[in-house]
Amino acid sequence: MSIIIGMLAKNCALVASDGRIISGAKYENGIVTQKSHVTSDEFNKTFTLKNDSIIGVVAGTMEFQGKSISEHIDEILNETCEGEINTFEELLDFISDGLKFKMQNISETEISFQFRIINLILIGYKEKKLSDLSMHAFSFSPNLGTKYIECSKKIVEPVKNNLAQWELFGDVSSQKAVNDFLYERISILKKKTEAKLRSISKNAIELGIKKSTKSASGDHLTCGGKVYIKSIK
């Protein structure tokens, strides 16, 4: 589990995360036979793509087949042909389809189908202007009935006034605390600058870590570690 934020304002955008990743627990007949444990508190869940024109952050499954999610996305992007992708939305659809295919084909011995879950936020330019930034929040999850990976997507269009919008994924308790904190702090800002939103996001992730719950499969909190932030400004 994690706590991650994607934030979009008129002239900037950012993504933020905690740094904790945990091992998978081992189960037999639905019973935990080996508890999960913290493998790192310095795993950067934020990343950039296409020469820093896209920023992203991920929660859920962090790695498979020896690669991070951002490395898998880079691999997907390298498969595009010149002229094949014309818009930001088409690029994101290409990424979504590629990730679904990759998740579908993970070995059962590496990650059981029921645990293949990825929450992903990507922010980029629709028309190469800061005022045209848009945010897309994806949820990839297994359909146990059809045995296929499904994906839902929410689109946050560019902000046209002095507002800021955000999307959250991760620990439910953390999300509630972070959402309330962001609403309170951002609503009183007269100017939504990158520097101010970066500071608020850092404090929000730290609060999310503090409010996170104990893992159902181990003796650790679901969130923790270092705070990571990437921005477009």
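Reference entry: report on the structure contained in this document. This is a predicted model, so every value here is computed, not measured.

1. Quick look at the side chain of arginine 116
Part 1 of the reasoning: Here arginine 116 shows up in the loop between helix H2 (88–104) and strand E11 (118–125).
Part 2 of the reasoning: At 3.0 Å, the side chain of arginine 116 forms a polar contact with the backbone oxygen of methionine 103.
Part 3 of the reasoning: The contact partners of arginine 116, leaving out residues within four places of it in the chain, are Thr61, Met103, Gln104, Asn105, Ile106, Ser107, Glu108, Ile111, Phe140, Ser141, Pro142 and Ile149.

2. Focus on the nonpolar core
Part 1 of the reasoning: Ranked by size, the top nonpolar core spans 43 residues in total, and within it Ile73, Leu120, Leu122 and Ile123 carry the most contacts.
Part 2 of the reasoning: Core analysis: the second largest hydrophobic core is formed by 23 residues, Cys12, Ile205, Cys223 and Val227 among them.

3. A word on the environment of glycine 225
Part 1 of the reasoning: Positionally, glycine 225 belongs in the loop between helix H4 (194–211) and strand E15 (228–232).
Part 2 of the reasoning: You can call glycine 225 partly exposed: its relative accessible area is 38%.
Part 3 of the reasoning: Along the primary structure glycine 225 and glycine 60 are separated by 165 residues, whereas in three dimensions their C-alpha atoms are 16 Å apart.
Part 4 of the reasoning: Ignoring sequence-local partners within four residues, the contact set of glycine 225 consists of Gly19, Asp41 and Ile209.

4. Regarding the packing of helix H1 (residues 69–77) against H2
Part 1 of the reasoning: Between H1 and H2, the shortest axis-to-axis distance is 9 Å and the interhelical angle comes to 115 degrees. Of the two possible hands of crossing, H1 and H2 adopt the one that is right-handed. Each of His72, Ile73, Glu75, Ile76 and Leu77 in H1 lies in contact with H2, whose residues at this interface are Leu91, Phe94, Ile95, Gly98, Leu99 and Lys102.
Part 2 of the reasoning: A breakdown of the residues in the contact of H1 with H2 according to their chemical character gives seven nonpolar, two polar and two charged.

5. Side note on the sheet that holds strand E1 (residues 3–9)
Part 1 of the reasoning: Strand order across the open sheet formed by four strands is E14-E1-E2-E15, with antiparallel pairing between neighbours. Two strands close off the open sheet at either side, each with one partner strand: strand E14 (164–170) and E15. Averaged over all neighbouring strand pairs, the angle between strand axes comes to 10 degrees, with direction disregarded.
Part 2 of the reasoning: Pairing of E1 with strand E2 (residues 13–17) involves five bridges; the strand directions are antiparallel. Along E2, the bridge assignment pairs isoleucine 5 with alanine 16.
Part 3 of the reasoning: Packed onto the sheet, helix H3 (residues 172–187) meets E1 and E14 and runs at close to 165 degrees relative to E14.
Part 4 of the reasoning: Sitting on the sheet, H4 touches E1, E2 and E15, and the angle it makes with E1 is about 160 degrees.

6. So, the side chain of threonine 222
Part 1 of the reasoning: Here threonine 222 lies in the loop between H4 and E15.
Part 2 of the reasoning: Given the relative accessible area of 9%, threonine 222 is considered buried.
Part 3 of the reasoning: A polar contact is formed between the side chain of threonine 222 and the side chain of aspartate 171, at a distance of 2.7 Å.
Part 4 of the reasoning: Excluding anything up to four places from it in sequence, threonine 222 contacts Met1, Ser2, Asp18, Arg20, Asp171, Ser212, Thr213, Lys214 and Ser215.

7. Structural notes on H3
Part 1 of the reasoning: Taking 1.5 Å as the rise per residue, H3 with 16 residues should run 22 Å; its terminal C-alpha atoms sit 22 Å apart, in good agreement.
Part 2 of the reasoning: Where H3 is concerned, the buried positions are Ser174, Ala177, Val178, Phe181, Leu182 and Ile186. Mapping the buried residues of H3 onto a view down its axis gives an arc of 135 degrees, with all of them on the same face. Along H3, exposed side chains directed more than 90 degrees from the buried face belong to Val172, Lys176, Tyr183 and Glu184.
Part 3 of the reasoning: Summarising the contacts, the buried residues of H3 are in contact with E1, E14 and H4.
Part 4 of the reasoning: If you check the start of H3, you find a side-chain oxygen 2.9 Å away from the backbone N of serine 173, and it comes from aspartate 171.

Cut-offs and rules
Residues numbered from 1 in each chain as written. Predicted model: local features only at pLDDT ≥ 70, side-chain atom pairs only at ≥ 80, totals over all residues. Heavy atoms only, no water. Helix = DSSP H or I, 4+ residues; strand = E, 2+ residues; numbered from the N terminus. Polar contact = N/O pair within 3.5 Å; in protein donor to acceptor, adjacent residues only side chain to side chain. Contact = heavy atoms within 4.5 Å. Core = buried A, V, L, I, M, F, W, Y, C linked by side-chain atoms within 4.5 Å. Buried < 20%, exposed > 50% of the residue type's maximum accessible area, 1.4 Å probe, protein only. Axes fitted to C-alpha atoms, helices over the stretch in contact; angles between N-to-C directions. Left-handed = near helix turned anticlockwise from the far one by under 90°. Nonpolar A, V, L, I, M, F, W, Y, C, P; charged D, E, K, R; others polar. Pairing = 2+ DSSP bridges. Expected span 1.5 Å × (residues − 1). Arc of directions from axis to C-beta.

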